[in-house]
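What follows is the residue order along each chain.
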Amino acid sequence: MSEVLDIAKKDGRWIECKKCSEIILTKKLEENLWVCNHCDHHFRLSAKDRIRITCDEGSFVELGMDEQDDEGAPEEAILCGKAAIEGQECYLGIMDFSHKGGSMGIAVGQKIVKIMKTARESRLPLILFSTSGGVRIQEGIWGLFQMLRTVHARDQIEHSPVITVFTDPTTGGVSASFSALGDILLSEPRARIGFAGPRVIQSTVQCTLPPGFQDAETLLANGFIDRIVHRRDLRSTLSSLLKWF
Ligand SMILES: [Zn+2]
């Protein structure tokens, strides 16, 4: 039986839910916005899928960097652009965990600064979907500098709102910099949001961590985030928030 399942999974028509191990038809999963209909597990999304389920069809226009960077710019762990959500215009920065664990290096920092500057100048709201393992440690101190840079750029935005949507997982230097500085902090259910991982913390402090440690639900109960929004309600929630501004 497991061999049959392996073959089914390999051809891409079926996917196993990593939380409840249910085998789900990929097409059904896609229709359900990549949420398991057995256990409600929210699968990680690529930036492109995120755009597809969040923005009005065909409204997303990627923000170019400088002219010479436009052609052949390498794919990065964030996709930035302008779009409409139920007719409301906004800027979006969407991180992608599948690209080097969503890590923030110089190029990602550059894109975040650019989208923040553009949103500030046009006075349009900015929505940031965060997912990251943290700073891109291969870039050493230059990676760490991106925390400072993005926080500084965020501080310059005064007349338009910044909305962060935490998705699973948002950790390290990304959770500890610009992403936590939204005016409104939303999260998908059960997303892990924290700095160091639970194993590192547990071995450092030498005690057992409480259940729900670093879960969005725990952070909501402790006042760190404003609301947990199910993926099916995210588009309408964002659009109603955008109507305020
Ligand atoms: Zn499941």
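Residues numbered from 1 in each chain as written. Predicted model: local features only at pLDDT ≥ 70, side-chain atom pairs only at ≥ 80, totals over all residues. Heavy atoms only, no water.

Asker: Let's hear about the overall build of the chain: which residues, and what values?
Answerer: Along the backbone of the chain there are 10 helices and 9 strands. Against the 2.2 N^0.38 benchmark of 18 Å for 245 residues, the chain shows a C-alpha radius of gyration of 18 Å, consistent with a compact globule. At a minimum sequence separation of 6, the contacts of the chain that also span at least 24 residues come to 64%. Accessible surface, the chain: about 13000 Å² in total, of which carbon and sulfur atoms supply 53%. Of the side-chain charges in the chain, 29 are positive and 33 negative, and the distance between the mean point of each set is 2 Å. (Helix = DSSP H or I, 4+ residues; strand = E, 2+ residues; numbered from the N terminus. Rg over C-alpha atoms; globule rule 2.2 N^0.38 Å. Contact = heavy atoms within 4.5 Å. Areas by Shrake-Rupley, 256 points an atom, 1.4 Å probe, with all protein chains shown as cover. Lys, Arg positive; Asp, Glu negative; His and termini not counted. Charge placed at Lys NZ, Arg CZ, Asp CG, Glu CD.)

Asker: A description of helix H10 (residues 231-242) should follow, citing residues and the corresponding values.
Answerer: With 12 residues, H10 should reach 16 Å at 1.5 Å per residue; the first-to-last C-alpha distance of 17 Å fits that figure. Every buried residue belonging to H10 is among Arg231, Leu234, Thr237, Leu238, Ser239, Leu241 and Leu242, and all of these are buried. (Expected span 1.5 Å × (residues − 1). Buried < 20%, exposed > 50% of the residue type's maximum accessible area, 1.4 Å probe, protein only.)

Asker: Can you tell me about the coordination of the zinc ion, naming the residues and giving the values?
Answerer: Listed as protein donors to the zinc ion are Cys17 (SG), Cys20 (SG), Cys36 (SG) and Cys39 (SG); their distances from the metal cover 2.3 Å. Metal-centred angles of 108 to 114° between the 4 donor atoms at the zinc ion mark the site as tetrahedral. Sequence spacing among the residues donating to the zinc ion works out to C-x2-C-x15-C-x2-C. Residue Cys17 is found in the loop between strand S1 (14-16) and strand S2 (23-25), and its partner Cys36 is found in the loop between helix H2 (26-31) and helix H3 (47-54); the two are separated by 19 residues along the sequence. Comparing Cys17 with Cys36, the two get one shared label, buried. (Donors = N, O, S within 2.8 Å, 3.2 Å for Na, K, Ca; no water. Tetrahedral: all angles 85-135°; square planar, octahedral: opposite > 155°, others 65-115°.)

Asker: Any chance you could break down the domain arrangement of the chain for me, citing the residues and the numbers?
Answerer: Domain annotation for the chain reports domain 1 (1-43) and domain 2 (44-242). On the domain 2 side, the residues contacting the 11 residues of domain 1 number 11 residues. Its largest share of buried area at the contact with domain 2, domain 1 owes to Leu33, His42 and Phe43, together 57% of the area lost on that side. The interface formed by domain 1 and domain 2 includes 1 salt bridge. (Domains from an automatic or database assignment. Buried area = accessible area lost by both parts, 1.4 Å probe. Salt bridge = Lys/Arg side-chain N within 4 Å of Asp/Glu carboxyl O.)

Asker: So what about the sheet that holds strand S7 (residues 162-170)? Which residues, and what values?
Answerer: Strand order in the open sheet formed by 7 strands is S3-S4-S5-S6-S7-S8-S9, and the pairing between neighbours is mixed. Each end of this open sheet is capped by a strand with a single partner; those strands are strand S3 (61-62) and strand S9 (227-228). Sheet strands touched by H3: strand S4 (78-85), strand S5 (88-95), strand S6 (126-132) and S7. Its angle to S4, the strand with the most contacts, is close to 5°. Those strands touched by H10 are S4, S5, S6, S7, strand S8 (184-187) and S9, and its axis lies near 155° from that of S7. (Pairing = 2+ DSSP bridges. Axes fitted to C-alpha atoms, helices over the stretch in contact; angles between N-to-C directions.)

Asker: Please give an account of a nonpolar patch on the surface that cites residues and values.
Answerer: A surface patch of nonpolar side chains, about 620 Å² in accessible area, is lined by Ile106, Ile141, Trp142, Leu144, Phe145 and Leu148. A total of 5 residues in the nonpolar patch trace back to one element, the largest contributor, which is helix H6 (residues 140-155). Residue placement: Leu144 occurs in helix H6. What makes Leu144 partly exposed here is its relative accessible area of 41%. (Patch = residues over 30% accessible without salt bridge, like charges linked within 9 Å, V, L, I, M, F, W, Y side chains within 5 Å.)

Asker: How would you summarise the pattern of salt bridges if you had to cite specific residues and measurements?
Answerer: For the structure on display, the rule yields 16 salt bridges. Notably, a salt bridge pairs Glu89 with Lys82, separated by 3.7 Å at the nearest N-O pair. The partly exposed category is assigned to Glu89, whose relative accessible area is 44%. Given a relative accessible area of 29%, Lys82 falls into the partly exposed group. Lys117 serves as the salt-bridge partner of Glu121, at 3.6 Å between the closest nitrogen and oxygen. With a gap of 4 residues between them, Glu121 and Lys117 both fall in helix H5 (residues 106-122), about one helical turn apart. Look at Lys117 and you get partly exposed, because its relative accessible area is 44%. Taken together, the salt bridges that share partners define one network made up of Lys27, Lys28 and Glu31.

Asker: Can you break down the pairing of S8 residue by residue, with the values?
Answerer: By the alternation rule, side chains of S8 split into Ile184 and Leu186 and Leu185 and Ser187, which are all buried. Looking at chain direction, S7 and S8 are connected through 4 bridges and run parallel. What sits directly across from Ile163, in S8, is Ile184. Looking at chain direction, S8 and S9 are connected through 2 bridges and run parallel. Paired with Ser187 across the strands is Ile228, a residue of S9.

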